[in-house]
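Observations on chain architecture
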Amino acid sequence: MDPATIIGIVIAFASVVAMVTIEGAHLTSLVLPAPMILVFGATISVGIASGTLKDFFTAMKALPRAFRGKVEPPQKVIDQVVGLAEKARANGLLAMEQEADSIDDPFLKRALQNIADGTDGDELRILLEDEIATRSKSDRVAAKFFSTLGGYAPTIGIIGTVVSLTHVLENLSKPAELGPMIASAFVATLWGLLSANFLWLPLGNRLRRLSDLDVDRMTLLMEGVLAVQAGSQPRLLGERLRAMVPGGDSAKPAKGPKAVPTPEKEAA
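This section reports on the structure supplied with the text. The shown structure was predicted, so the numbers you read here are calculated from the model rather than taken from an experiment.

Remarks on the overall build of the chain
- Looking only at helices and strands, the chain has ten helices and zero strands in total.
- Compactness check: the chain gives a C-alpha radius of gyration of 27 Å against a globular reference of 18 Å for 268 residues, more than 25% above the reference.
- In terms of overall dimensions, the chain has a C-alpha envelope of 100 × 55 × 25 Å along the principal axes.
- Residues classed as buried in the chain amount to 36% of the 268 residues present.
- Considering only intrachain contacts with a sequence separation of at least 6, the fraction spanning at least 24 residues in the chain is 78%.

In structure tokens, the structure reads:
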């Protein structure tokens with residue numbers, strides 16, 4: 001689990017609480033039911049209206065992933081593929097069917113089963129690329145939904161403020177009440193901005209980033225299993241996959257035993 005989203009959102013809201021406390025204000029003046037119901041309810045509603053119900057359910061299904069999303073290190077994927085290559089060279093491609101039974105990842109499981117079934121390499125590449133594209137498209141729908149909410153929320157907050165100010169103008173005959181009423185009117189704008197920048201936009205960007213990382217992982221697996229099917233040498237396969245990972249330090253080969261110098265080298 002990567003806690004970046006939880007940590008970021010908590011610190012963001014804590015910063016607002018700290019500011020309110022330092023200035024001597026009261027949190028109860030910001031947590032008002034009416035503007036919050038308008039901002040959150042209307043934002044989600046227009047978000048649903050801008051797409052389809054399927055998009056909404058896809059986004060809700062992906063929401064827990066934004067908080068619990070696991071970022072798998074590329075080196076772990078590379079080590080797994082290299083291990084498969086070593087077993088394929090030792091026991092043949094039919095051994096991949098037995099390996100598939102012990103793997104939880106559906107993408108890799110299907111790839112290994114197709115290898116064991118003798119699927120042509122070009123056909124297998126097309127199949128895996130289509131699956132990657134479909135997964136990415138589904139993830140992008142969820143990310144776009146939350147980013148769309150981030151675009152609507154500030155405007156809806158302004159609408160809430162305008163509605164409240166209209167009510168203020170109806171009560172100009174009560175000067176003593178104008179101050180609190182005006183302050184309450186701007187709470188809707190505040191929650192529109194807070195929800196957009198502290199929730200919706202971060203969630204959308206988080207899901208988009210997780211989608212990119214998942215596509216990178218699946219691409220590594222695809223190139224790896226296709227190389228396994230072609231009979232690539234495990235060490236060279238590992239070097240090739242590491243070259244596909246952005247950043248030279250993000251995927252390093254495991255250190256082997258330290259070489260013991262020979263008498264000839266010592267004499268030299």
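Some remarks on the packing of aromatic side chains
- Under the criterion given, the structure shown has seven aromatic pairs.
- Geometrically, the ring pair formed by F13 and F198 is edge-to-face, given 5.3 Å between the ring centres and 85 degrees between the ring planes. Separated by 185 residues along the polypeptide, F13 in helix α1 (residues 4–22) and F198 in helix α8 (residues 175–230) bring together distant segments of the chain.
- Residue F13 is classed as partly exposed on the basis of its relative accessible area of 25%.
- On the basis of an interplanar angle of 15 degrees and a centroid distance of 6.3 Å, the ring pair of F146 and W200 is categorised as stacked. On the criterion of sequence distance, the pair formed by F146 in helix α7 (residues 121–169) and W200 in helix α8 is long-range, its members being 54 residues apart.
- Of the residues examined, F146 reaches a relative accessible area of 1% and is grouped as buried.
- Here W200 falls in the buried class, since its relative accessible area comes to 9%.
- An aromatic cluster is present here, built from F40, F56, F57, F145, F146, W191 and W200 joined pairwise through their rings.

Here we look at the side chain of R206
- By the secondary structure assignment, R206 is in helix α8.
- Sequence-distant contacts of R206, that is, excluding residues within four places in its chain, are made with D2, A4, T5, A66, F67 and G69.

Rules and cut-offs
- Residues numbered from 1 in each chain as written.
- Predicted model: local features only at pLDDT ≥ 70, side-chain atom pairs only at ≥ 80, totals over all residues.
- Heavy atoms only, no water.
- Helix = DSSP H or I, 4+ residues; strand = E, 2+ residues; numbered from the N terminus.
- Rg over C-alpha atoms; globule rule 2.2 N^0.38 Å.
- Buried < 20%, exposed > 50% of the residue type's maximum accessible area, 1.4 Å probe, protein only.
- Contact = heavy atoms within 4.5 Å.
- Phe/Tyr/Trp six-rings, centres within 6.5 Å; stacked < 30°, edge-to-face > 60°.

Geometry only, nothing functional implied.
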